[in-house]
Amino acid sequence: MNATTPRPSGNEALLTAARAVIAGGGSSNMRNLGIQDPLVVDRAMGARVWDVEGNELIDVNMGYGPHLFGYADAEVVEAVSERLHLGAMTGIVHRLDAQAGELIGALMPSMEQVRFANSGTEAITSAIRLARFHTKRTLIVTFEGHYHGWSDTLLRGAITADSTGQHGGTELHAAPGTNPEALWHTVQLPWNDSDALARFFAERGVEVAAVICEPICANAGVVHPLPGYLEQMGELAAANGALLVFDEVITGFRVSRGGAQELLGIRPDISVISKVLGGGFPVAAFGAGREIMGPLARNEAFHGGVYSGNHAAVQAVVSMLGKIQRSPSVYTDLEESCSHLEKKLRDRFAEAGRPVRIARAGSVLSVAVLSGPQTGPEAYDAATDTIDFAAHRRLQRHCQRGGLYFHPNPLEPWFLSSAHSRADMDRIVDVVARGLRAG
Ligand SMILES: CC1=C(O)/C(=C\N=C2/C=C(C(=O)O)C[C@@H](O)[C@@H]2O)C(COP(=O)(O)O)=CN1
Ligand SMILES: Cc1ncc(COP(=O)(O)O)c(C=O)c1O
């Protein structure tokens, strides 16, 4: 294709053109699932995306979670646009940096000091390295169903819905190409299993550098920690000289102003934040108390990144967190609108006689069509064992054609925003109900 070749136009043609030059079409495997109905976005605003054929869809995937106030929030966009005009990348400390760090510390007091990064994976990898530096140990405890990015350090196997929608992907011990030795230093425990956690720490606790989790698991559908579980995790970590790391890439500033650590009242040793932090601009951060961060301050431990903490990203942080500070009701409003949505969805599935797993943490909602009633305790494996991936994909396809977009993988949660009106919530329910009737 050259400059004179007529450009393709429709979803199908543009996706084909993208796939010709971008491996898989999109620059993330999670985006390249075999989605039966191609969707190529032209623009997004508020709670909506428009595809290249002019179709308008209410979006509840919302870019996987950064847009607490909806797409293209005017305040954030204007501030970052102005920063770009003022010079967004000097590699020199900027006057905004202190303001951004102070805002993070005000909302998440456990993060007395931070370092910015460009992605959650970068920040997680650096946080794990810092924990290993602090403890002089290497073993990392992770949990089934939790996702901490794609680095060799922590990319665990995943059970994925393959392109036919079948829950058939093998449990990969590690992604192909990962250095298998990297995983010798990680162990994966079942989530919400207090006995397994206690047994592991009794046997190998003194080897553990850090135990890392999503405090509210959101990458396997929403799976809350059972009462007392995180407290037990923190106590076992402390008793064994290990660090507790909360991966709040999703939950940070999402499930409450101070994230899951505020909502659950548990103070981790190290926290990682991203998504809402930047409101759609690529930025992440990891942080802890001054003692743990000290080796970075003294250049004894290493963390870098040409674009880490660039001025445009830090402006996005200052604008987003400033808006959050000025919008205390955003979380109570979202709780009210999303509990309304959850109830209506449960009613429609019940009326249709279709088993479903719906779980929610504030404005993060997971909906998974089941093949039968869910068995077992509130745990990741209990949830996935009964998910009907093919039926879920049929529902997703019908809804996408009906003007509602959610991810075809039922393990990916829905993210609502303050831009989703009550009318949008009712429309979401109507489209889902029609999809259920279609079978
Ligand atoms: C809890 C959590 C995450 O959810 C997370 C990234 N999440 C996602 C990544 C996606 C992608 O790579 O396309 C899309 C979703 O599967 C997921 O929300 C990451 C990695 O962040 P990043 O993708 O910015 O490197 C760390 N911790
Ligand atoms: C040659 C080279 N490769 C890789 C990197 C790392 O890039 P980043 O800092 O964006 O992670 C750098 C950064 O200076 C570099 O100069």
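If you look the chain up in an unreviewed UniProt entry, it shows as Glutamate-1-semialdehyde 2,1-aminomutase from Streptomyces albospinus. Its UniProt record gives the chain the following Cofactor (unreviewed entry) comment, quoted word for word: "pyridoxal 5'-phosphate". You can read under Sequence similarities (unreviewed entry) in the UniProt record for the chain the words "Belongs to the class-III pyridoxal-phosphate-dependent aminotransferase family."

Draft legend 1. Fine view of the overall build of the chain. When helices and strands are tallied, the chain shows 13 helices and 14 strands. Over its C-alpha atoms the chain spans a radius of gyration of 22 Å, differing by no more than 12% from the 22 Å that the globule rule assigns to 439 residues. Over its C-alpha atoms, taken along the principal directions, the chain stretches across nearly 60 × 55 × 45 Å. The burial tally for the chain puts 56% of its 439 residues in the buried class. Within the chain, counting contacts between residues at least 6 apart in sequence, those at least 24 apart form 71% of the total. Summed over its atoms, the accessible surface of the chain is roughly 18,600 Å², and 53% of this surface lies on carbon and sulfur atoms. Each charge class in the chain can be summarised by its mean position, and for the 38 positive and 47 negative side chains these summaries are 3 Å apart.

Draft legend 2. Main features of the packing of helix H2 (residues 74-86) against helix H9 (residues 311-325). Where H2 meets H9, the axes come as close as 9 Å, and the angle between the chain directions of the two elements is 155°. The pairing of H2 with H9 is recorded here as roughly antiparallel in orientation. Here the hand of the crossing between H2 and H9 comes out right-handed. Contacts between H2 and H9 pair Glu 75, Val 76, Ala 79, Val 80, Arg 83 and Leu 84 from the former with His 311, Ala 312, Gln 315, Ala 316, Ser 319, Met 320 and Lys 323 from the latter.

Draft legend 3. Quick look at the site of ligand 1. In the neighbourhood of ligand 1, 16 residues make up the surrounding shell, with Ser 28, Thr 121, Asp 247, Lys 275 and Glu 412 lying closest. At 2.5 Å, a side-chain N or O of Ser 28 approaches an oxygen atom of ligand 1. One nitrogen or oxygen atom from the side chain of Lys 275 is found 2.6 Å from an oxygen atom belonging to ligand 1. Protein coverage of the free-state accessible area of ligand 1, which is 550 Å², stands at 89%. Looking at the shell around ligand 1, its residues break down into five nonpolar, seven polar and four charged.

Conventions and cut-offs
Residues numbered from 1 in each chain as written. Chains lettered and ligands numbered in written order. Predicted model: local features only at pLDDT ≥ 70, side-chain atom pairs only at ≥ 80, totals over all residues. Heavy atoms only, no water. UniProt positions renumbered as here; feature names shortened; annotations may be inferred. Helix = DSSP H or I, 4+ residues; strand = E, 2+ residues; numbered from the N terminus. Rg over C-alpha atoms; globule rule 2.2 N^0.38 Å. Buried < 20%, exposed > 50% of the residue type's maximum accessible area, 1.4 Å probe, protein only. Contact = heavy atoms within 4.5 Å. Areas by Shrake-Rupley, 256 points an atom, 1.4 Å probe, with all protein chains shown as cover. Lys, Arg positive; Asp, Glu negative; His and termini not counted. Charge placed at Lys NZ, Arg CZ, Asp CG, Glu CD. Axes fitted to C-alpha atoms, helices over the stretch in contact; angles between N-to-C directions. Parallel < 35°, antiparallel > 145°, perpendicular 65-115°, else oblique. Left-handed = near helix turned anticlockwise from the far one by under 90°. Near = heavy atom within 4 Å. Polar contact = N/O pair within 3.5 Å; in protein donor to acceptor, adjacent residues only side chain to side chain. Nonpolar A, V, L, I, M, F, W, Y, C, P; charged D, E, K, R; others polar.

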